[in-house]
Amino acid sequence: MSDRDRIEIHDGGGPVFGAGIWHFATYVDRYATDGYGEPRTVLDGIRLAGQVEDLSVVDLNWPFPPASAGIGTGEVKDALAAQDLRAIAVTPEIYTGTFAKGGFTNPDPAVRRAAVDLVAASAEVGRELGVDYVKLWPGQDGFDYPFQADYIDLWDKSVGAVRELALAFPDLRFAIEYKPREPRNRMVFSSVARTLLAIEDMGVDNVGVLLDFGHALYGGETPAESARMAIARDKLFAIDVNDNFRGWDDDMVVGSVHLLETFEFFFALHDAGWSGVWQLDQFPFREDSVEAARAGIRTMKAFHQALGYLDRKELAEAQAAQDALGAQRIAKRALFRALAESESA
């Protein structure tokens, strides 16, 4: 294999790695309502994130958890600087019990306005922190039962709310994180295709997609294909990476289940020239959060290395012939070499 048959690696020696600050939080579920581990503030999470050597940026919930602590933006900026971290995004909490019947789609106009105002306030915080985008995950927007709602009304309210925010903050980008379900049984922004269609209906330039690898799996998508669909329309603003068993949004460590599909996902991103942050969205309920982040990043670094070992010409020939076994053999050869080197380093 000649050098020109290899994929070119990112300038600067590799991608930038990030994580949602919730990766370092304390988790609860409907059984362990007392939580897994000691309670932590956003400042505690930032300190833990600073222990992950290759981590450069974090996505921050807003209001900063716990809201009762009254932690201000200045304190967060100082904590980030102390750990040599940067805030890449803010994620307004428009998915809490306050918005149980919907945020943007709530039947009460006052609650809908509160959801929009909450995002607007988070956008102001994002400006102060110098973020790249505001992440929108309207998890409560949707429905649970047949005949419960007027689907066109839900669609119009969702599209209208995001359009309003995009027009109010033309200097910021808004990334919609789609998901098929949870907490609602059916969410409005439930797939890459529906989200791209909604963005088209909005008619604005500063709204795009945040593609969560696990959400794509959970929704029956092929994440590499979903990424290429969004990139083809210049709408892939960000990614979150994790893994699951496809039946639920498990948010497991990257590559722990769907190793080859995750490698294909990063190949698709790289092949299309996408150069954004490779960002963790893992929920290590019972694992050490720092070690889980290190494990996820170590695997992503191996993916990056494997891209350099991939015989691009040979793969293109196999794909042109739709030679499934041949294409997989080529991909596995590069991936397993990189993983072996990673584990022995």
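Heads up: these notes are all about the structure in this document.

Scoring rules and cut-offs
- Residues numbered from 1 in each chain as written.
- Predicted model: local features only at pLDDT ≥ 70, side-chain atom pairs only at ≥ 80, totals over all residues.
- Heavy atoms only, no water.
- 1 Å grid on protein atoms, 1.4 Å probe; cavity = no way out; pocket = protein on both sides within 12 Å on 5 of 7 lines; lining within 4 Å.
- Points joined across faces, edges and corners; volume = space filled by probe spheres on them.
- Nonpolar A, V, L, I, M, F, W, Y, C, P; charged D, E, K, R; others polar.
- Helix = DSSP H or I, 4+ residues; strand = E, 2+ residues; numbered from the N terminus.
- Phe/Tyr/Trp six-rings, centres within 6.5 Å; stacked < 30°, edge-to-face > 60°.
- Lys NZ or Arg CZ within 6 Å of the ring centre and 35° of its normal.
- Buried < 20%, exposed > 50% of the residue type's maximum accessible area, 1.4 Å probe, protein only.
- Pairing = 2+ DSSP bridges.
- Axes fitted to C-alpha atoms, helices over the stretch in contact; angles between N-to-C directions.
- Contact = heavy atoms within 4.5 Å.
- Patch = residues over 30% accessible without salt bridge, like charges linked within 9 Å, V, L, I, M, F, W, Y side chains within 5 Å.
- Areas by Shrake-Rupley, 256 points an atom, 1.4 Å probe, with all protein chains shown as cover.
- Salt bridge = Lys/Arg side-chain N within 4 Å of Asp/Glu carboxyl O.
- Lys, Arg positive; Asp, Glu negative; His and termini not counted.
- Charge placed at Lys NZ, Arg CZ, Asp CG, Glu CD.
- Polar contact = N/O pair within 3.5 Å; in protein donor to acceptor, adjacent residues only side chain to side chain.

This brings us to the layout of surface pockets. If you add up the space inside the largest pocket, you get close to 1,400 Å³. Residue lining of the largest pocket: 41 residues in total, with Tyr27, Val28, Asp251, Phe283 and Phe285 positioned closest to the centre. Considering only residue class, the lining of the largest pocket consists of 20 nonpolar, 7 polar and 14 charged. What the second largest pocket holds in volume is close to 380 Å³. Taken together, 18 residues line the second largest pocket, and the ones lying closest to its centre are Glu264, Phe267, Leu315, Gln319 and Ala331. Counting only elements with at least two residues in the lining of the second largest pocket, the list comes to α7 (223–232), α8 (259–271), α10 (312–320) and α11 (324–344). Sorting elements by how many residues they give to the lining of the second largest pocket places α8 first, with 7 residues. In terms of residue class, the lining of the second largest pocket is built from 10 nonpolar, 3 polar and 5 charged.

Right, let's talk about the packing of aromatic side chains for a bit. How two aromatic rings sit relative to each other is set out by the distance from centre to centre and by the angle between their planes. Evaluation of the coordinates by the stated rule reveals 14 aromatic pairs. Ring pairing ties together the aromatic residues Phe17, Phe213, Phe263, Phe265, Phe266, Trp278 and Phe303, which thus form one cluster. The side chain of Arg173 reaches across the aromatic face of Phe237, ending 3.9 Å from its centre. One Lys or Arg, Arg337, reaches over the ring of Tyr309 and ends 3.6 Å from the middle of that ring.

For the rest of this paragraph, the subject is the pairing of strand β6 (residues 174–177). The alternating pattern of β6 places Phe174 and Ile176 on one face and Ala175 and Glu177 on the opposite face, and all of these are buried. Relative to β6, strand β4 (residues 133–136) runs parallel, the two being bridged by 3 bridges. From the neighbouring strand, Leu136 faces β6, where its bridge partner is Ile176. With 4 bridges connecting them, β6 and strand β8 (residues 207–212) associate as parallel partners. Along β8, the bridge assignment pairs Glu177 with Leu210.

This paragraph deals with the sheet that holds strand β9 (residues 236–240). Strand order in the open sheet made by the 8 strands is β9-β8-β6-β4-β3-β2-β1-β10, with parallel pairing throughout. Taken across any chain shown, the strands that pair with only one partner, and hence form the sheet edges, are β9 and β10 (278–280). Geometrically, the sheet is characterised by an average inter-axis angle of 30 degrees between neighbouring strands, direction not taken into account. Across the face of the sheet, helix α5 (residues 192–202) comes into contact with β6 and β8 while running at roughly 170 degrees to β8. The strands touched by α8 within the sheet are β8, β9 and β10, with β9 carrying the most contacts at an inclination of about 155 degrees.

On to a negative patch on the surface. There is a patch of like negative charges on the surface, built from Asp150, Asp156, Glu200 and Asp201. Take Asp156: it is sitting in helix α4 (residues 151–168).

Further remarks concern the pattern of salt bridges. Counted according to the given criterion, the structure contains 22 salt bridges. Across the pair Asp44 and Arg47 runs a salt bridge whose closest N-O atoms are separated by 2.5 Å. Of the two residues, Asp44 and Arg47 are both situated in helix α1 (residues 42–49); the distance of 3 residues between them amounts to about one turn of the helix. Take Arg47: its relative accessible area is 43%, and that puts it in the partly exposed class.

This next bit is on the environment of Arg333. Its location among the elements puts Arg333 in helix α11. Counting along the chain gives 22 residues from Arg333 to Asp311, while the straight-line C-alpha distance between them is 9.4 Å. Beyond its immediate chain neighbours, meaning those up to four positions away, Arg333 contacts Asp311 and Glu314. Of the polar contacts made by the side chain of Arg333, one reaches the side chain of Glu314; its length is 2.8 Å.

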